[in-house]
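The residues making up each chain are set out below.
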Amino acid sequence: SVMKVASIQMSVVEGDKTGTIDKAIENIHRCEGNDLVILPEIWNIGFMSFDRYLSEAEDSSGQTLRRLRAAAKEAGLYLHKGSLEEKNGKYYNSSYLISPDGDVLANYLKIHLFGYNSKETQLLSPGDSIVTVGTPLGKIGLATCYDLRFPELFRRMVEQEVQIILVCSAWPYPRLEHWLMLNRVRALENQCFLISANSVGLNQGIQFVGHSMITDPWGTILAGAGDKEVIIKSEIDLGDLEAARQQFPALADRKDWLKGDK
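**Observations regarding the pattern of salt bridges**
Under the criterion given, the structure shown has 12 salt bridges. Of the charged contacts, one joins arginine 30 and glutamate 26 as a salt bridge, the two residues approaching to 4.0 Å between their closest N and O atoms. Remark: glutamate 26 and arginine 30 occur in helix α1 (residues 17-30); sequence separation between them is 4 residues, near one turn of the helix. On the basis of relative accessible area, glutamate 26 is assigned to the partly exposed category, the value being 45%. With a shortest N-O distance of 3.0 Å, glutamate 120 and lysine 110 are connected by a salt bridge. Note that glutamate 120 is positioned in helix α4 (residues 120-123) and lysine 110 in the loop between β5 (104-109) and α4, a separation of 10 residues in sequence. As far as burial versus exposure is concerned, glutamate 120 and lysine 110 are alike and both buried. Each of Lys17, Arg52, Glu56 and Glu58 takes part in one network of salt bridges that share partners.

**Description of the pairing of strand β9 (residues 193-198)**
Among the 6 residues in β9, 6 count as buried, and that is most of the element. Alternating positions in β9 separate into two faces, Phe193, Ile195 and Ala197 on one and Leu194, Ser196 and Asn198 on the other, with burial throughout. Handedness of the crossover is the feature at issue here: the chain leaves strand β8 (residues 164-169), passes through helix α6 (residues 176-190), returns alongside β9, and the resulting connection is right-handed. Bridging between β9 and strand β12 (residues 213-215) involves 2 bridges; their strand directions are antiparallel. Bridge pairing in β12 places isoleucine 195 opposite isoleucine 214.

**Focus on the packing of aromatic side chains**
Taken as a whole and assessed by the stated rule, the structure comprises 7 aromatic pairs. Relative to phenylalanine 150, the ring of tyrosine 146 lies with its centre 5.1 Å away and its plane at 90°, an arrangement referred to as edge-to-face. An angle of 50° between the planes, with centres 5.3 Å apart, marks the rings of tryptophan 171 and tryptophan 179 as tilted. The two residues tryptophan 171 and tryptophan 179 agree in class, both being buried. Taken together, the ring pairs in this structure connect Phe114, Tyr116, Tyr146 and Phe150 into an aromatic cluster.

**Describing the sheet that holds strand β1 (residues 2-9)**
An order of β5-β4-β3-β2-β1-β14 is seen for the 6 strands of this open sheet, with the pairing classed as mixed. Looking at strand neighbours, the two that pair on one side only are β5 and β14 (230-237), the edges of this open sheet. Strand-to-strand twist across the sheet, computed as the mean angle between neighbouring axes with direction ignored, equals 25°. Judged from the 5 bridges that link them, strand β4 (residues 90-98) and β5 form a sheet pairing that is antiparallel. By the bridge assignment, leucine 97 is partnered in β5 with alanine 106. Against the sheet, α1 engages β1, β3 (78-88) and β14, with an angle of about 40° to β14. Contacts from helix α7 (residues 238-247) reach β1 and β14 within the one sheet, and its direction differs from that of β14 by about 60°.

**Describing helix α5 (residues 151-159)**
Three or more residues of α5 are buried, namely Leu153, Phe154, Met157 and Val158. Down the axis of α5, the smallest arc covering the buried residues is 145°, so these residues share one side. Its buried side turned inward, α5 meets β5, β6 (132-135), β7 (138-144), β8 and α6. Of the residues flanking the end of α5, it is glutamate 161, one or two places downstream, whose phi is positive at about 65°.

**Here's the deal with the sheet that holds β8**
Taken together, the 6 strands give an open sheet; going across it, the order is β6-β7-β8-β9-β12-β13, and neighbouring strands pair in mixed fashion. At either end of the open sheet lies a strand with only one pairing partner, and these are β6 and β13 (221-224). Going from strand to strand, the sheet's axes swing by 15° on average, the running direction of each strand aside. In this structure, β12 lies alongside β13, joined through 3 bridges in antiparallel fashion. Looking at β13, one finds that methionine 213 is bridged to glycine 224. Running over the sheet, α6 touches β8, β9, β12 and β13 and is turned about 30° from β12.

Conventions used here
- Per chain, the residues get numbers from 1 upward, laid out in the order the sequence is written.
- With pLDDT at 70 or above as the cut-off, local features in this predicted model cover only qualifying residues; side-chain atom pairs require 80 or more to be listed or tallied, and sums for whole chains, interfaces and linings still use all residues.
- Computation of side-chain values: all heavy atoms of the structure, hydrogens and water removed.
- Any carboxyl oxygen of Asp or Glu within 4 Å of a side-chain nitrogen of Lys or Arg constitutes a salt bridge here.
- Helix numbering and strand numbering both begin at the N terminus, where a helix is a DSSP run of H or I of at least 4 residues and a strand a DSSP run of E of at least 2.
- Categorising residues by exposure relies on relative accessible area from a 1.4 Å probe, with only protein chains included: less than 20% of the type maximum marks a residue as buried, more than 50% marks it as exposed, and the intermediate range marks it as partly exposed.
- A clockwise course of the path from the first strand over the helix to the second, judged with the strands pointing away from the viewer, identifies a crossover as right-handed.
- Pairing between strands is defined by DSSP: at least two bridges between them are needed.
- Two rings from Phe, Tyr or Trp (for Trp, the six-membered ring) form a pair when their centres sit within 6.5 Å of each other. Planes less than 30 degrees apart are called stacked, planes more than 60 degrees apart edge-to-face, and all others tilted.
- Lines fitted to C-alpha atoms define the axes here, with helix axes fitted over just the stretch in contact, and angles between the N-to-C directions of these axes take values from 0 to 180 degrees.
- The criterion used for residue contact is that any of the two residues' heavy atoms lie within 4.5 Å.
- Throughout, the arc means the angular range of directions from the helix axis out to the C-beta atoms.

What follows is the structure, given as structure tokens:
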């Protein structure tokens, strides 16, 4: 049950969507030999490129997902391809988990859209479904950026027996400390592995904080990044997750009457 995981922390090639996709695919191939790889949020045009959200939105046959599905298959790995603007009746911040065969295993539509110094809430519609998916690697849950601030979402994932939480993100300065805390706390309080891929560099003059990390069920950072483009890698063992939950059974000590409506 030991697996190799990698997080691709990258910047947008400003104004060059195809060039940015090319860069992402090069990075995916650098991760060959890993079992699971994750990319950031709206990395193909940059989260802050609000003036391009609707014009660059793709459907499920668009070039970003199509090319990333092919890359996952070529590299032979599970790929959380990060998110993109998707047009499907409405416009969504949409992320996908792809199998080593290039098949779509799950699609998560970001629930908590971000409105602070951001036009995401004006342009996009929120998702309304928690997404966890069983895979040969374990039970994987998907979340996006601002979702990290909402603990109830992750508690519901735990009720669906999640083991690995994947968070794609475009988290900007100055709120670095919040990012550092929330990654670790969400892993710790839910006794899960949490793997995040955050954006770096500038987009429309806004600087992202980077600091992607791979965190274990004790809240320990197994691998972490600074604010440069980098791929971080670690081995994770689901046996460690079971051991943590048995040694320190906080999840088992939850009170049903505090859980709210199922």
